[in-house]
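The primary structure of each chain is shown beneath.
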Amino acid sequence: MFLTQFLFRPANLLRSLTMYGTGEVISKSPKRYWNGCLRRISIHNDKCFSTKIVLGIETSCDDTGAAVVDEAGNILGEALHSQNEVHIKTGGIIPLVAQQLHQENIVRIVQQALSASGVSGNELSAIATSVQPGLALSLGVGLNYSLELVEKYKKPFIPIHHMEAHALTARLTNQVEFPFLVLLLSGGHCILAVAQSVSEFLLLGQTLDIAPGDMLDKVARRLYLQKYPECSGLSGGKAIEHLARQGNMLRYEFKVPMERHKNCNFSFAGLQTQVTRMIAKKEREEGLQEGQLLSCISDLAAAVQYTVAAHIAKRTHRAILFCIRKGILPHNKATLVASGGVASNQFIRKTLQIVTDATDFTLFCPPPRLCTDNGVMIAWNGIERLRAGLGILYSTEGIRYEPKAPLGTDISKLVKEASINVPALNLTI
């Protein structure tokens, strides 16, 4: 009733249509204008309450992302510039190149996100930015530009841990309650942790050397998959996933890493060495020079993907059993969240589903577009922290980026001491 009376009182309607925010004249379409009005107010017992709105900025590695998200989880506007095509041509991410591309695109990307949202800088509740971990040169671009915006609009600043943002993304898309188990898989990280709250995590295990995404990219480069017509323009991991659909995962056998180690840590460097040796062997058998495409390329891709998935699934299974034994997570209907770029791999998701089905857990994975680095997850993490009143800075003096930053409290030694045997599961899908 209050809203109806307000909107249709002639004086209020005229005033609303001629003035906006701090007095600027409206140039929006009526529909866009009213959507903006309704987004900024909520009605309860005839009282108006403002809605929290956060701008998120992401430049931790090779993607420039920005998004505007409100506390209801509505993605009001977003924009992303991927550097993937450039890095494919250079054979990997070169920090100086990534930095230059961030500098060239960050202003445009942020303005696109704001424009799409219909929200002005003055209407933001806060600005959130990934400041750890990541490539130092990339993090610096995002932080420096964010601080300019903070100063310009006089808004609070919320520094974001990149992996915390990945972990909490599922709470934007699904009804996920704390505590929950989270598996973070990307080109730079592989982590198993328990999310106890927005800012409290228990680290169960992590990669001891390279991350799965990095390993898959290196294998793809060694196989020269960019020469394969179907894989042109795809990242290494995506190319392997594509070819694996056509291959026999059991034709070649690779040893699953760390089978004798009863912990939740990961290792992918040894597997990469196994695969590299097999590729060289097959090249010799087929009389090929390095760079020429093998006839068994799809079977190799399928075998590599299967072994990576098996390693991840077995460590995750142990983490679930440990959490149940120690009472960290409930015995029934607990949740596993899988996020990060590699978590968009559908085969890996299916193996994780086998694990969660066997342990009565529920598996949640954000949509693939929100698994890779993006501004939405940073903005949502900002909303989570804003609502919880955590890590909100009203002075940015002394704020720095941190290329290396652990996630939560490390209890991996307790996992090792528990020495939990993992039952065998059939992961051949």
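Conventions adopted
- Residues numbered from 1 in each chain as written.
- Predicted model: local features only at pLDDT ≥ 70, side-chain atom pairs only at ≥ 80, totals over all residues.
- Heavy atoms only, no water.
- Salt bridge = Lys/Arg side-chain N within 4 Å of Asp/Glu carboxyl O.
- Helix = DSSP H or I, 4+ residues; strand = E, 2+ residues; numbered from the N terminus.
- Buried < 20%, exposed > 50% of the residue type's maximum accessible area, 1.4 Å probe, protein only.
- pLDDT = per-residue confidence, 0-100.
- Contact = heavy atoms within 4.5 Å.

Trainee: Hey, could you run me through the pattern of salt bridges in this one?
Mentor: Any two side chains of opposite charge can pair, on the condition that their charged atoms come close. Scanning the entire structure with this criterion turns up 13 salt bridges. Salt-bridge contacts for Glu384 lead to Arg171; the nearest nitrogen and oxygen are separated by 2.7 Å. With Glu384 in helix α15 (residues 375-388) and Arg171 in helix α8 (residues 170-173), the pair connects residues that are 213 residues apart, well separated along the chain. Neither residue differs from the other here; Glu384 and Arg171 are each classed as buried. Each of Arg171, Glu384 and Arg387 takes part in one network of salt bridges that share partners.

Trainee: Explanation requested: the confidence of the model for the chain in the structure shown.
Mentor: Caution applies to low-pLDDT parts of the model: their predicted coordinates are not meant to be read in detail. Of all residues in the chain, 88% attain a pLDDT of 70 or more, and the chain-wide mean is 89. The low-confidence segment residues 1-49 (pLDDT under 50) makes 51 contacts with residues lying over four places distant or belonging to another chain.

Trainee: I keep staring at unusual backbone geometry and nothing clicks. Help me out?
Mentor: Comment: phi is negative for the bulk of residues other than glycine, and the bulk of peptide bonds are trans. Of the consecutive residues Phe178 and Pro179, the connecting peptide bond is found in the cis state with omega at -10°. Tracing the backbone shows Pro179 in the loop between α8 and β8 (180-185). The phi torsion at Lys154 lies on the positive side, around 55°, for a residue other than glycine. Relative to the helices and strands, Lys154 resides in the loop between α6 (136-153) and β7 (157-161). By relative accessible area, Lys154 is classed as exposed at 60%. Even without being a glycine, Met258 presents a positive backbone phi close to 60°.

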